[in-house]
Amino acid sequence: MEQDQTSSVSPCRRQLYELMEYATRFLHHYLGRGKGQGRILYLLNTRGAMTQQELQGLLHIQSSSTSEILTKLENAGFITRQRDEADKRRCIVAITPAGIADLTEHEEARRERRAMLYDCLTPEEEAELVRILTKLRAHWETLPPRHPQCRPPETREEEPPQ
């Protein structure tokens, strides 16, 4: 019989894990749309039109996920997809003016929401939280990946400014 591994975890560490899990979900939902859509619009806006394969490589996601996100963005009128005249097998993805407007609107709203996240902390508490999270990040980066294809976020290509 397998022993429940959580039984050997102290109540404090269990609470830390639950709070970090809550923080992750909260930030994801509070700060807006799924990262895939925002990242695609950001990349297209900053780098210009590119192939679907190039986008997939920059995002480090599967082609089916890339296609699904692009279909949603195209249906919303935020991107266009056109066959490459030089190679009909390739699809060129470009951001539309509506996509730029949506990206700008989401970035402004996100900045406003981010500004409020830590209003309850004193400057000293903010500095202490940064110190602790920096220490955790450094430790986590030394842990072996759960899956061989997993990489720490800083090894990924450009992220939108936060």
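Every chain's residues receive numbers from 1 upward, in the order its sequence appears when written. Only residues with pLDDT of at least 70 are given local features in this predicted model, and only at 80 or more are side-chain atom pairs given and counted; all residues enter the totals for whole chains, interfaces and linings. Hydrogens and waters are ignored; side-chain quantities use all the structure's heavy atoms.

1. Let's talk about the overall build of the protein chain
Next, step 1: Secondary structure summary: the protein chain contains 6 helices and 3 strands in total.
Next, step 2: Every helix listed is a DSSP run of H or I at least four residues long, and every strand listed is a run of E at least two residues long, numbered separately from the N terminus. Secondary structure of the protein chain in N-to-C order comes out as α-α-β-α-α-β-β-α-α.
Next, step 3: To sort residues, take the accessible area from a 1.4 Å probe on protein chains only and compare it with the maximum for the residue type: under 20% means buried, over 50% means exposed, and anything in between is partly exposed. Looking at the protein chain residue by residue over its 162 residues, the buried ones come to 19%.
Next, step 4: Sequence separation of 24 or more characterises 54% of the internal contacts of the protein chain that already satisfy a separation of 6 or more. In this description, contact between two residues means that some pair of their heavy atoms is separated by no more than 4.5 Å.

2. Some thoughts on the nonpolar core
Next, step 1: In terms of nonpolar packing, the biggest core is built from 16 residues, with Ile40, Leu41, Leu44, Leu55, Leu73 and Ile79 touching the most fellow members.
Next, step 2: Sorting the residues of this core by element identifies helix 2 (35-47), helix 3 (52-59), helix 4 (63-75) and strand 3 (91-95) as the ones contributing at least two each.
Next, step 3: Ranked by the residues each element gives to this core, the list is headed by helix 2, at 4 residues.
Next, step 4: For leucine 73, the residues in contact, after removing those within four places along its chain, are Gln37, Ile40, Leu41, Phe78 and Ile79. We define the nonpolar core as a collection of buried residues of types Ala, Val, Leu, Ile, Met, Phe, Trp, Tyr and Cys that are connected through side-chain atoms lying within 4.5 Å of one another.

3. Brief notes about the pattern of salt bridges
Next, step 1: Throughout this description, the term salt bridge denotes a Lys or Arg side-chain nitrogen within 4 Å of a carboxyl oxygen of Asp or Glu. Going through the model one piece at a time under the given rule, you end up with 8 salt bridges.
Next, step 2: Measuring nitrogen to oxygen at the nearest pair gives 3.7 Å for the salt bridge that ties arginine 25 to glutamate 21. Placement of the pair is arginine 25 and glutamate 21 together in helix 1 (residues 11-30), with a separation of 4 residues, close to one helical turn.
Next, step 3: Given a relative accessible area of 44%, arginine 25 falls into the partly exposed group.

4. Notes on a nonpolar patch on the surface
Next, step 1: Each patch is built from residues lacking any salt bridge and having more than 30% relative accessible area; the joining distance is 9 Å for like charges and 5 Å for nonpolar side chains (Val, Leu, Ile, Met, Phe, Trp, Tyr). Each accessible area is a Shrake-Rupley result for a 1.4 Å probe, and residues are judged covered by the shown protein chains and nothing else. On the surface, Met20, Tyr22, Phe26, Leu27, Tyr118, Leu129, Leu133, Trp140 and Leu143 cluster together to form a nonpolar patch covering roughly 810 Å² of accessible area.
Next, step 2: When contributions to the nonpolar patch are tallied by element, the ones reaching two or more residues are helix 1 and helix 6 (123-140).
Next, step 3: The topology assignment puts tryptophan 140 in helix 6.
Next, step 4: Its relative accessible area of 45% is what places tryptophan 140 among the partly exposed residues.

5. Digging into the confidence of the model for the protein chain
Next, step 1: For every residue, the pLDDT score states the predictor's confidence, bounded by 0 at the bottom and 100 at the top. Confidence in the prediction of the protein chain, expressed as mean pLDDT, is 85, and 83% of residues score 70 or more.
Next, step 2: Scored below 50 in pLDDT, residues 155-159 makes 16 contacts in the model with residues more than four places away or belonging to other chains.

6. Things to note about helix 3
Next, step 1: Those residues of helix 3 that sit buried are Gln52, Leu55, Leu58 and Leu59. One face of helix 3 carries all of its buried residues, which in axial projection span an arc of 125°.
Next, step 2: Once helix 3 finishes, histidine 60 follows within two positions and takes phi at roughly 60°, a positive value. By construction, the arc corresponds to the directions joining the helix axis to the C-beta atoms.

7. Focus on unusual backbone geometry
Next, step 1: Backbone geometry places histidine 60, a non-glycine residue, at a positive phi of 60°.
Next, step 2: Structurally, histidine 60 can be placed in the loop between helix 3 and helix 4.
Next, step 3: With a relative accessible area of 36%, histidine 60 lands in the partly exposed category.

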